[in-house]
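The lines below spell out each chain.
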Amino acid sequence: MKGMLSPIFVVILFASGAVRAHGDEEEHNSAAQHEDHAAGLGRPGNPKKINRTIEITMSDAMRFNPASVSIKRGETIRFLLKNEGKLKHEMVLGTIRELKEHAALMLKFPEMEHADPNQASVEPGKTGELIWQFTKSGTFDFACLQPGHYDAGMKGLLTVTPLAANDGRDASRH
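Since this is a predicted model, take the numbers as computed values, not measurements.

(A) Molecular detail of the environment of Pro117. One can find Pro117 in the loop between α3 (96-108) and β7 (119-122). Along the primary structure Pro117 and Val92 are separated by 25 residues, whereas in three dimensions their C-alpha atoms are 9.1 Å apart. Sequence-distant contacts of Pro117, defined by excluding residues within four places in its chain, comprise Pro44, Leu130 and Trp132.

Following this line, the structure appears as structure tokens:
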């Protein structure tokens, strides 16, 4: 037994993150960068403070329907995601640059699983949800980053408009 690591020590090493498989460094750095990018769009929404639900279907024709969504700044949206296909699909919020980079990474590592707050994966024939509060105005994007889906055109556009000056309400307070 001399020279062997105790099972408890091995568990502590893995749980602490001190031990990583080859290649995990890139994935870890990518995840940290991904969280930073998500902050540029807004933040994960509070399920108890949803302003409205937007249903989006995902199909094996590599399309979202609708492919364009308008939102008011401050709104918390529940995206109800229906996968009508026979393939796994996902919705990832980001900028075109971020989505292209992530799509390329998914092509290199097709089995990569991720659970970022700005994305939801949905198995074939299932329904999922993504809850997000849009705190910034602007034009943002969403896409399916399953290998090959983005390049096949599975992407959409989010337009987040500022609240009207005469509105006087902050959508995040409803």
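Next comes the rest of the account.
(B) Quick look at the packing of aromatic side chains. Within this structure, the stated rule accounts for two aromatic pairs. With centroids separated by 4.9 Å and ring planes inclined at 75°, the aromatic side chains of Phe64 and Phe142 adopt a geometry described as edge-to-face. In this pair, Phe64 is assigned in strand β3 (residues 63-65) and Phe142 in strand β9 (residues 138-143), connecting sequence segments 78 residues apart. Take Phe64 and Phe142: they sit in the same class, and that class is buried. Here the basic side chain of Lys155 rests over the ring of Tyr150, its NZ or CZ set 4.4 Å away from the ring centre.

(C) Focus on unusual backbone geometry. Residues Asn65 and Pro66 are joined by a peptide bond in cis, for which omega reads 0°. Counting through the fold element by element, Pro66 comes out in the loop between β3 and β4 (68-72). Even without being glycine, Met62 reaches a positive phi, approximately 65°. Among the structural elements, Met62 can be located in the loop between β2 (52-59) and β3. Exposure remark for Met62: the relative accessible area of 13% places this residue in the buried category.

(D) Quick look at the sheet that holds strand β6 (residues 89-94). An order of β4-β10-β9-β6-β7 is seen for the five strands of this open sheet, with the pairing classed as mixed. The sheet is open, and its two edges are formed by β4 and β7, each paired on a single side. With direction set aside, neighbouring strand axes in the sheet form an average angle of 20°. Bridge count between β9 and strand β10 (residues 155-161): six bridges; the pairing is antiparallel. Looking across to β10, one finds that Ala143 is bridged to Lys155.

(E) Spotlight on the pattern of salt bridges. Within the structure shown, the criterion is met by four salt bridges. A salt bridge links Glu75 to Arg52, with the shortest nitrogen-to-oxygen separation between them at 3.0 Å. Of this pair, Glu75 sits in the loop between β4 and β5 (76-83) while Arg52 sits in strand β2, and the two are 23 residues apart along the sequence. In this structure, the salt-bridge partner of Lys82 is Glu55, at a minimum N-O distance of 3.6 Å. Taken as a pair, Lys82 in strand β5 and Glu55 in strand β2 lie far apart in primary sequence, 27 residues in all.

(F) Representation of the side chain of Gln119 in the model. Take Gln119: it is sitting in strand β7. Reaching out from Gln119, the side chain makes a polar contact with the side chain of Ser121 at a distance of 3.4 Å.

(G) Spotlight on the side chain of Asn83. Inspection of the secondary structure assignment puts Asn83 in strand β5. Looking at Asn83, its side chain comes within polar contact range of the main-chain nitrogen of Gly85, at 2.9 Å. Discounting residues that sit within four places of it in the chain, Asn83 has contacts with Met58, Lys88, His89, Val122, Glu123, Pro124, Gly125 and Lys126.

(H) Broad picture of the confidence of the model for the protein chain. Averaged over every residue, the pLDDT of the protein chain is 76; residues scoring 70 or more account for 62%. The low-confidence segment residues 1-35, where pLDDT is below 50, has 14 contacts with residues more than four positions distant or belonging to other chains. Segment residues 170-174: pLDDT under 50, and 12 contacts once partners within four positions in sequence are set aside and those in other chains are kept.

Here is what the cut-offs are and how they apply
- Residues numbered from 1 in each chain as written.
- Predicted model: local features only at pLDDT ≥ 70, side-chain atom pairs only at ≥ 80, totals over all residues.
- Heavy atoms only, no water.
- Helix = DSSP H or I, 4+ residues; strand = E, 2+ residues; numbered from the N terminus.
- Contact = heavy atoms within 4.5 Å.
- Phe/Tyr/Trp six-rings, centres within 6.5 Å; stacked < 30°, edge-to-face > 60°.
- Buried < 20%, exposed > 50% of the residue type's maximum accessible area, 1.4 Å probe, protein only.
- Lys NZ or Arg CZ within 6 Å of the ring centre and 35° of its normal.
- Pairing = 2+ DSSP bridges.
- Axes fitted to C-alpha atoms, helices over the stretch in contact; angles between N-to-C directions.
- Salt bridge = Lys/Arg side-chain N within 4 Å of Asp/Glu carboxyl O.
- Polar contact = N/O pair within 3.5 Å; in protein donor to acceptor, adjacent residues only side chain to side chain.
- pLDDT = per-residue confidence, 0-100.

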